[in-house]
Amino acid sequence: MIDLYTAATPNGHKVSIVLEELGLPYTVHALSFDKKEQKSEEFLKINPNGRIPAIVDRANGDFAVFESGAILIYLAEMTGKLLPQDPKGRSVVLQWLMFQMGGIGPMQGQANVFFRYFPEKLQGAIDRYQHETRRLYEVLDTRLQAVEFLAGEYSIADIATFPWVRGHDWSGVSVDGLPALQRWLAALEARPAVQRGLRVPERIDDASVIKGAQAMLIR
């Protein structure tokens, strides 16, 4: 059994989606940003960085894993699914996973900060992060013109990237003129496991999530 500590954010949805895709049983612990539960002494024992998501694998000696990319790799390796075992195939998946972790996540996250949350309207910062996010989307589109999924076969690279790109409107970034990326978004959106994962946690206070995210991102 997996204990999932999460909230309704792109990084949180990565893990709930992969758990649904893998068919692993898990218990959801929804953390409130508004109450700063991610900074509680109890949670910091699981993730010293005080961020969601994190998991505890109760079947493996209560082994804790934090950082969304590391969690996806751990679960894929544990089940032998969504991550090829051959060195080349594995490397391709990890390359695109790192592309999301090091590129799309940070750049789009900053686009969110300056476009949605920052108390001052800094147009230079907004333009910088929105333009860089759009450039990264164009890289994805070029890749997806040649393959159905980012690493050829459906993998944790797609699962990591999808929750971020589906929130492009919230970041003020268009996907117009990127037909391959739009096709990929629609294909993932149609997957039943993805739909279930996006509903985790099932009940949230949107205002609380937005308020908490604002405080966390601009501090």
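Residues numbered from 1 in each chain as written. Predicted model: local features only at pLDDT ≥ 70, side-chain atom pairs only at ≥ 80, totals over all residues. Heavy atoms only, no water.

Draft legend 1. Fine view of the pattern of salt bridges. Inspection of every chain in the model, using the stated rule, returns eight salt bridges. Taking the shortest distance from any N to any O, the salt bridge between glutamate 20 and arginine 196 comes out at 2.8 Å. Of this pair, glutamate 20 sits in helix H1 (residues 10–22) while arginine 196 is found in helix H9 (residues 192–198), placing the two residues 176 residues apart along the sequence. A relative accessible area of 19% means that glutamate 20 is categorised as buried. (Salt bridge = Lys/Arg side-chain N within 4 Å of Asp/Glu carboxyl O. Helix = DSSP H or I, 4+ residues; strand = E, 2+ residues; numbered from the N terminus. Buried < 20%, exposed > 50% of the residue type's maximum accessible area, 1.4 Å probe, protein only.)

Draft legend 2. Broad picture of the pairing of strand E1 (residues 2–6). Taking burial as the measure, the five residues of E1 include five buried ones, the bulk of the element. Of the two faces of E1, the one lined by Ile2, Leu4 and Thr6 and the one lined by Asp3 and Tyr5 are each fully buried. Each parallel crossover has a hand, and the one from E1 via H1 to strand E2 (residues 26–30) is right-handed. Note: E1 against strand E3 (residues 54–57), four bridges, orientation antiparallel. If you follow aspartate 3 over to E3, its bridge partner there is valine 56. (Right-handed = clockwise from strand over helix to strand, strands pointing away. Pairing = 2+ DSSP bridges.)

Draft legend 3. Examining the nonpolar core more closely. The biggest cluster of nonpolar side chains holds 57 residues, and the ones touching the most others in it are Ile55, Leu75, Leu140, Ile156, Leu181 and Trp184. For this core, the elements supplying multiple residues, two or more each, are E1, H1, helix H3 (68–79), helix H4 (87–117), helix H5 (123–144), helix H6 (156–165), helix H8 (179–189) and H9. Element by element, the count of residues in this core is highest for H4, at nine residues. Residues contacting isoleucine 55, with those up to four places away along its chain left out, are Ile2, Asp3, Leu4, Val15, Ile46, Phe63, Ala64, Val65, Ile71, Tyr74 and Leu75. (Core = buried A, V, L, I, M, F, W, Y, C linked by side-chain atoms within 4.5 Å. Contact = heavy atoms within 4.5 Å.)

Draft legend 4. Expanded view of H4. Across its 31 residues, H4 extends 42 Å between first and last C-alpha, which sits within 8% of the 45 Å expected from 1.5 Å per residue. Largest kink in H4: about 35°, centred on glutamine 100. (Expected span 1.5 Å × (residues − 1). Bend = angle between axes of the 7 residues up to and from the residue.)

Draft legend 5. Broad picture of the environment of alanine 54. Turning to its location among the elements, alanine 54 is positioned in strand E3. Considering only alpha carbons, one finds alanine 54 and threonine 6, 48 residues apart in sequence, at a separation of 6.8 Å. Apart from residues lying up to four places away in sequence, alanine 54 is in contact with Asp3, Leu4, Tyr5, Phe43, Ile46, Asn47, Val65, Phe66 and Ile71.

Draft legend 6. Just the side chain of glutamine 130, in detail. Here glutamine 130 lies in helix H5. For glutamine 130, a relative accessible area of 12% corresponds to the buried category. Here glycine 172 takes part through its backbone oxygen, which lies 3.5 Å from a polar atom of the side chain of glutamine 130. If we ignore the near neighbours within four places in the chain, the residues touching glutamine 130 are Ala111, Phe115, Ser171, Gly172 and Val173. (Polar contact = N/O pair within 3.5 Å; in protein donor to acceptor, adjacent residues only side chain to side chain.)

Draft legend 7. Geometry of the environment of leucine 185. Of note, leucine 185 is situated in helix H8. Sequence spacing of leucine 185 and proline 163 is 22 residues, and the spatial spacing of their C-alpha atoms is 9.4 Å. Apart from residues lying up to four places away in sequence, leucine 185 is in contact with Phe162, Val165 and Arg166.

Draft legend 8. Main features of the packing of aromatic side chains. With the rule as written, the count across this model stands at seven aromatic pairs. Measuring from ring centre to ring centre gives 5.1 Å for phenylalanine 114 and phenylalanine 118, while their planes differ by 45°; the resulting arrangement is tilted. One aromatic cluster is present, formed by Phe114, Phe118 and Tyr129 through successive ring pairs. In this structure, arginine 116 is placed above the aromatic ring of tryptophan 170, and the distance from its NZ or CZ to the ring centre is 4.0 Å. Just above the ring of tyrosine 154 sits the side chain of arginine 191; from NZ or CZ to the centre is 3.8 Å. (Phe/Tyr/Trp six-rings, centres within 6.5 Å; stacked < 30°, edge-to-face > 60°. Lys NZ or Arg CZ within 6 Å of the ring centre and 35° of its normal.)

Draft legend 9. Broad picture of the packing of H4 against H6. Between H4 and H6, the least distance of the axes is 9 Å, while the angle of their chain directions is 10°. Between H4 and H6, the crossing angle belongs to the class labelled roughly parallel. The two elements H4 and H6 cross, and the hand of that crossing is left-handed. Between H4, through Val93, Trp96, Leu97, Gln100, Ile104, Gly105, Gln108, Gly109 and Asn112, and H6, the contact on the second element is made entirely by Ile156, Ala157, Ala160, Thr161, Trp164 and Val165. (Axes fitted to C-alpha atoms, helices over the stretch in contact; angles between N-to-C directions. Parallel < 35°, antiparallel > 145°, perpendicular 65-115°, else oblique. Left-handed = near helix turned anticlockwise from the far one by under 90°.)

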